[in-house]
Amino acid sequence: LLVAFIWWNFSGRIRHLPPAEPPPAPPVATKRAEDKSLKEAPLVSSVAKRLEIPWALAFLPDRNIIFTERPGRVRLIDSKQGLQEQPLLSIAEVAPVGEGGLLGLAVHPDFSKNRFIYLYYTYRAKGKLANKVVRYRINGKTLGDPKIILDRIPGESIHDSGRIKFGPEGLLYITTGDAAQP
């Protein structure tokens, strides 16, 4: 698969960039047993089924996966035990209206020390939709100690959106939709 990027400059000319160099081939197994196991390894593997609108996910340092379901649940896939039946957190305040709901998820860069998880979600305030970012602390198989980081982000049933991610310098970045008000 070759990928090319096209850049349009303001003088009206199109510049075609050369395709990226293909990645180096993976090392070839030298033992027959390794060759056999590579051929038998599944190309696709299901780690969880019967989820309700999964939206964002993140990997924890212990190789577990934490993810959101838009109706308001934060779930965990334990690397050894699989999908945990009980959610880490259910947020009754979440309004899964249109494109809103429990959306963004980010794990703090110092998670091993502080155990912080950040969530972005839609809720109702005085009959209108709004969004907020809330920090939680994971304790075993639950999330608690909520602290509102940013509130009253405009919300709407269309163009609501919300993603959060820590950048390489450790800052939390938050993206929003235009809430139908471009």
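Residues numbered from 1 in each chain as written. Predicted model: local features only at pLDDT ≥ 70, side-chain atom pairs only at ≥ 80, totals over all residues. Heavy atoms only, no water.

## Some points on the side chain of Gln84
Following the sequence through the fold, Gln84 ends up in the loop between β6 (82–83) and β7 (89–90). Residue contacts for Gln84: discarding those within four places in its chain leaves Arg75, Leu76, Asp78 and Lys141. (Helix = DSSP H or I, 4+ residues; strand = E, 2+ residues; numbered from the N terminus. Contact = heavy atoms within 4.5 Å.)

## Considerations on the sheet that holds strand β11 (residues 142–154)
Strand order in the open sheet formed by 4 strands is β8-β9-β10-β11, with antiparallel pairing between adjacent strands. With partners counted over all chains shown, the strands left at the sheet margins are β8 (102–107) and β11, one partner each. Ignoring strand direction, the axes of neighbouring strands in this sheet form an average angle of 25 degrees. As defined by bridge partners, β8 adjoins strand β9 (residues 116–125) across 4 bridges and the pair is classed as antiparallel. Residue pairing for β9: Leu105 is matched across the bridge by Leu119. (Pairing = 2+ DSSP bridges. Axes fitted to C-alpha atoms, helices over the stretch in contact; angles between N-to-C directions.)

## Details of the nonpolar core
Counting 23 residues, the largest nonpolar core has Ile66, Ile117 and Leu119 as its most contacted members. Within the residue set of this core, elements represented by two or more residues are β3 (54–59), β5 (73–78), β8, β9 and β10 (128–139). Leaving out residues up to four positions away in the same chain, Leu119 has contacts with Thr68, Val74, Leu89, Ile91, Leu102, Gly104, Leu105, Lys132, Val133, Val134, Tyr136 and Ile164. Grouped together as the second largest cluster of nonpolar side chains are 9 residues, Phe116, Tyr118, Val133 and Ile153 included. (Core = buried A, V, L, I, M, F, W, Y, C linked by side-chain atoms within 4.5 Å. Buried < 20%, exposed > 50% of the residue type's maximum accessible area, 1.4 Å probe, protein only.)

## With respect to the pattern of salt bridges
Side chains carrying opposite charge are able to pair once their charged atoms draw close together. One pass over the structure, following the stated rule, counts 6 salt bridges. Here Asp78 ties to Lys141 by a salt bridge, and the two come within 3.3 Å at their closest N and O atoms. Within this pair, whereas Asp78 is found in strand β5, its partner Lys141 is found in the loop between β10 and β11, the two being separated by 63 residues in sequence. Salt bridges linked by common partners bring Glu52, Glu69, Arg73 and Arg75 together as one network. (Salt bridge = Lys/Arg side-chain N within 4 Å of Asp/Glu carboxyl O.)

## Looking at the packing of aromatic side chains
Counted by the stated rule, this structure contains 2 aromatic pairs. Each ring, one from Phe116 and one from Tyr118, has its centre 6.5 Å from the other, and the planes form 85 degrees; the classification is edge-to-face. Note on accessibility: Phe116 and Tyr118 belong to one class, buried. Between Tyr118 and Phe166, the aromatic rings sit 5.3 Å apart at their centres with planes inclined by 70 degrees, giving edge-to-face as the arrangement. Taken together, the residues span a long stretch of sequence, with Tyr118 in strand β9 and Phe166 in strand β12 (residues 162–166) at a distance of 48 residues. A single burial state applies to Tyr118 and to Phe166, both of which are buried. Geometry around Tyr123 places Lys132 over its ring, the cationic atom sitting 4.5 Å from the centre. Sitting above the plane of the Phe116 ring, Arg135 keeps its charged end 3.8 Å from the centroid. (Phe/Tyr/Trp six-rings, centres within 6.5 Å; stacked < 30°, edge-to-face > 60°. Lys NZ or Arg CZ within 6 Å of the ring centre and 35° of its normal.)

## Considering the pairing of strand β4 (residues 65–69)
Among the 5 residues of β4, 5 are classified as buried, and the element is accordingly described as predominantly covered. Side-chain alternation along β4 places Ile65, Phe67 and Glu69 on one buried face and Ile66 and Thr68 on a second face that is also buried. The pairing of β3 with β4 spans 4 bridges and is classified as antiparallel. When the sheet's bridge partners are listed, Phe59 is paired in β4 with Ile65. Pairing between β4 and β5: 5 bridges, direction antiparallel. Residue pairing for β5: Ile65 is matched across the bridge by Ile77. A loop of 3 residues connects β4 with β5, the two strands running antiparallel in sequence, and Gly72 in this loop sits at a positive phi of about 125 degrees.

Any functional reading would require information beyond the geometric quantities listed.
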